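The primary structure of each chain is shown beneath.
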Amino acid sequence: GQQVQQSPASLVLQEGENAELQCNFSSTATRLQWFYQHPGGRLVSLFYNPSGTKHTGRLTSTTVTNERRGSLHISSSQTTDSGTYFCAIDYNAGAKLTFGGGTRLTVRP
Amino acid sequence: EAGVTQSPRYAVLQEGQAVSFWCDPISGHDTLYWYQQPRDQGPQLLVYFRDEAVIDNSQLPSDRFSAVRPKGTNSTLKIQSAKQGDTATYLCASSLRGQLYFGEGSKLTVL
């Protein structure tokens, strides 16, 4: 079936370090969406990025659709960035998102 | 603008009991989703609607799970005869033109 693989599964940083989260998917996608989830909290959309590069604050999302990959770069990490980051893929332009297993990020002071 | 609202936030059941979860999407959003998120895993789609029509329920365990959205607005997800394996957070999301917005979820524990 259609799969979404995220790496690394977990990551521990010191405050101020940068992070690169990867998302690989099994077939051509029509869009990629990144979400953040604080433990016990709701999923919050970070980027809706079908292709190319988008920036918001310290976050950068890059999607290379024909290579079936996306990435989320976090610069100058802060303790408040701790949580789980999910990428989700729509394969059929039909509004149905398939989620990866997430990357659990811990940023230590 | 109000977000996606879900209730109850928490439910604890014995095996074999039933539970219903309710979702109020963002006003004007035509598409509504129910996802199941087991602990420490990514969300898995159960069913989604466009207006009142079911678009995809292929991952819904139809023998015990049911979902309705009768007027194309609010939705109810019901689990009959719950099992321990149903322990998870049930997430509702809505969208208009693709970008999803999630509610806080309903956390179910089946003992």
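Residues numbered from 1 in each chain as written. Chains lettered and ligands numbered in written order. Predicted model: local features only at pLDDT ≥ 70, side-chain atom pairs only at ≥ 80, totals over all residues. Heavy atoms only, no water.

Colleague: Any details on the interface of chain B and chain A? Residues and values, ideally.
Modeller: When the parts come together, some accessible area is lost, and that loss is often what is quoted as the size of the interface. Taken together, the contacts link 21 residues of chain B with 18 residues of chain A. Taken over both partners, the interface formed by chain B and chain A buries close to 1500 Å², and the fraction arising from carbon and sulfur atoms is 49%. If you look at where chain B meets chain A, you find two salt bridges. Notably, a salt bridge pairs Arg42(A) with Glu104(B), separated by 3.6 Å at the nearest N-O pair. Within the residue set of the side of chain B that touches chain A, elements represented by two or more residues are strand E4 (31-37), strand E5 (44-50) and strand E10 (99-102) of chain B. (Contact = heavy atoms within 4.5 Å. Buried area = accessible area lost by both parts, 1.4 Å probe. Salt bridge = Lys/Arg side-chain N within 4 Å of Asp/Glu carboxyl O. Helix = DSSP H or I, 4+ residues; strand = E, 2+ residues; numbered from the N terminus.)

Colleague: Please give an account of the side chain of Gln37(A) that cites residues and values.
Modeller: The topology assignment puts Gln37(A) in strand E4 (residues 31-37). A relative accessible area of 12% places Gln37(A) in the buried class. Setting aside chain neighbours within four positions, we find Gln37(A) in contact with Arg42(A), Leu43(A), Gly83(A), Thr84(A), Phe86(A) and Gln37(B). (Buried < 20%, exposed > 50% of the residue type's maximum accessible area, 1.4 Å probe, protein only.)

Colleague: Summarise the sheet that holds strand E1 (residues 4-7) of chain A; cite the residues concerned and give the values.
Modeller: Residues and elements named next belong to chain A. Across the sheet, which stays open at both edges, the five strands sit in the order E1-E3-E8-E7-E6 with antiparallel pairing between neighbours. A single partner strand is all that each edge strand has here, and the edge strands are E1 and strand E6 (52-56). Averaged over neighbouring strand pairs, the angle between their axes works out to 15° when direction is ignored. Bridge count for E1 against strand E3 (residues 19-25) is four bridges, and the pairing is antiparallel. From the neighbouring strand, glutamine 5 faces E3, where its bridge partner is asparagine 24. (Pairing = 2+ DSSP bridges. Axes fitted to C-alpha atoms, helices over the stretch in contact; angles between N-to-C directions.)

Colleague: So what's going on with the packing of aromatic side chains? Residues and values would help.
Modeller: Tallied over the full model, the rule gives eleven aromatic pairs over all chains. Both rings, one in Tyr36(A) and one in Tyr85(A), keep their centres 5.1 Å apart while their planes meet at 55°; by these two values the pair is tilted. Here Tyr85(A) lies in strand E9 (residues 83-90) and Tyr36(A) lies in strand E4, a separation of 49 residues in the sequence. A relative accessible area of 3% places Tyr85(A) in the buried class. One aromatic cluster in this structure is built from Phe35(A), Phe86(A), Phe99(A), Tyr33(B), Tyr35(B), Tyr48(B) and Phe102(B). (Phe/Tyr/Trp six-rings, centres within 6.5 Å; stacked < 30°, edge-to-face > 60°.)

Colleague: Explain the sheet that holds strand E7 (residues 65-68) of chain B to me, using residue names and the numbers behind them.
Modeller: Residues and elements named next belong to chain B. In spatial order, the strands read E1-E3-E8-E7; together these four strands make up an open sheet with antiparallel pairing. Each end of this open sheet is capped by a strand with a single partner; those strands are strand E1 (5-7) and E7. Taking each pair of neighbouring strands and ignoring which way they run, the sheet shows an average axis angle of 15°. Pairing geometry for strand E3 (residues 19-24) and strand E8 (residues 75-79), over five bridges, is antiparallel. Bridge pairing links valine 19 to isoleucine 79 in E8.

Colleague: Give me the state of the cysteines: which residues, what numbers.
Modeller: Overall, the coordinates contain two disulfides over all chains when judged by the stated rule. The disulfide that involves Cys23(A) links it to Cys87(A), with 1.8 Å between the sulfurs. Disulfide Cys23(A)-Cys87(A): torsion about the S-S bond near 40°, hence right-handed. Remark: Cys87(A) occurs in strand E9 and Cys23(A) occurs in strand E3; sequence separation between them is 64 residues. Like Cys23(A), the residue Cys87(A) is buried in the burial classification. The disulfide bridge from Cys23(B) ends at Cys92(B), spanning 1.9 Å between sulfur atoms. (Disulfide = S-S within 2.5 Å.)

Colleague: I'd like to hear about the pairing of E9(A), residue by residue, with values.
Modeller: Residue and element names in this part refer to chain A. For E9, a buried count of eight out of eight residues is recorded, marking the element as mostly surrounded by other parts of the structure. Both E4 and E9 contribute to a ladder of seven bridges, which runs antiparallel. Bridge pairing in E9 links phenylalanine 35 to phenylalanine 86. Bridge analysis of E9 against strand E11 (residues 103-108) gives three bridges, and the strand direction is antiparallel. Following the sheet pairing, tyrosine 85 is matched in E11 by threonine 103. Across two bridges, the pairing between E9 and strand E10 (residues 98-99) is antiparallel. Among the inter-strand pairings, alanine 88 is bridged to a residue of E10, identified as phenylalanine 99.

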